[in-house]
Amino acid sequence: MIPQRRRIVGSARMGTGAVMSRNLPPATRDMLLEEADRGSIPAGIEILKEVYLGDTRGADPVGARIANDPEAMDFFADYWEFVHWDCRGNEPALSEVMFEGLIDMLMRPEHE
């Protein structure tokens, strides 16, 4: 049985303000990734977004637009909640998937 999707839109679930890229020190990045794995799925994805945008060398313009789109962030949270339910806890940690993996899933669904 697939759990009922609860749909909460906009700022009720995810941060809605645009986040600017900046450089993150490696220790801060590691701490944030650990936090992403421990928290709720929406909070973890929000942290992955912060880490992704925190690397000024890595965030491409399309990825940045996706990261700053509340509807896309809600989609990622809903999708990962389904993955968590479907894999019964055997899914990779969010820090293994990273935000790039979520973007790839959206941009290149044939690779799923």
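Residues numbered from 1 in each chain as written. Predicted model: local features only at pLDDT ≥ 70, side-chain atom pairs only at ≥ 80, totals over all residues. Heavy atoms only, no water.

**Let's talk about the packing of aromatic side chains**
Each aromatic ring pair is specified by the distance between its two centres and by the angle formed by the two planes. Threshold: Pairing of aromatic side chains here covers Phe, Tyr and the six-membered ring of Trp, requires ring centres within 6.5 Å, and sorts the geometry by plane angle: under 30 degrees stacked, over 60 edge-to-face, intermediate tilted. Only protein chains enter the accessibility calculation, which uses a 1.4 Å probe. A residue is then buried if its area is under 20% of the maximum for its type, exposed if over 50%, and partly exposed in between. Only DSSP runs of H or I covering at least 4 residues are called helices, and only runs of E covering at least 2 are called strands; the numbering of each starts at the N terminus. Think of it as a cone above the ring: NZ of Lys or CZ of Arg counts as a charge over the ring if it is within 6 Å of the ring centre and within 35 degrees of the ring normal.
Taken as a whole, this structure holds six aromatic pairs when the rule is applied. Centroid distance tyrosine 79 to tryptophan 80: 6.4 Å. Interplanar angle 55 degrees. Geometry classified as tilted. Classification of tyrosine 79 by relative accessible area gives partly exposed; the value is 24%. Since its relative accessible area comes to 8%, tryptophan 80 is described here as buried. Judged by centre distance (5.8 Å) and plane angle (35 degrees), the ring pair of phenylalanine 82 and tryptophan 85 falls under tilted. You can see phenylalanine 82 and its partner tryptophan 85 sitting in helix α4 (residues 70–87), three residues apart, about one turn around the helix. For phenylalanine 82, a relative accessible area of 34% gives the class partly exposed. Of the residues examined, tryptophan 85 reaches a relative accessible area of 28% and is grouped as partly exposed. Each residue in the set Tyr52, Phe75, Phe76, Tyr79, Trp80 and Phe99 is aromatic and connected to the rest through ring pairs, giving one cluster. When the ring centre of tryptophan 85 is taken as origin, the NZ or CZ atom of arginine 88, which lies over that ring, is 6.0 Å away.

**Considerations on α4**
Side chains of residues three or four places apart in an α-helix project in the same direction, reflecting 3.6 residues per turn. Our working rule: One less than the residue count of a helix, multiplied by 1.5 Å, gives the span that helix is expected to have. Between two residues, a contact is recorded if the distance between any of their heavy atoms is within 4.5 Å. Polar contacts, as used here, are pairs of N or O atoms within 3.5 Å; protein pairs need one atom able to donate a hydrogen and one able to accept it. Residues neighboring in sequence count only if both atoms are side-chain atoms.
For α4, with 18 residues, the first-to-last C-alpha span of 26 Å sits near the 26 Å given by 1.5 Å per residue. Within α4, burial applies to Ala72, Met73, Asp74, Phe76, Ala77, Asp78, Trp80 and Val83. The inward-facing, buried residues of α4 contact α2 (41–54), α3 (61–67) and α5 (94–107). Regarding α4, its N-cap is aspartate 69, as a side-chain oxygen of that residue lies 2.8 Å from the backbone nitrogen of glutamate 71 further along.

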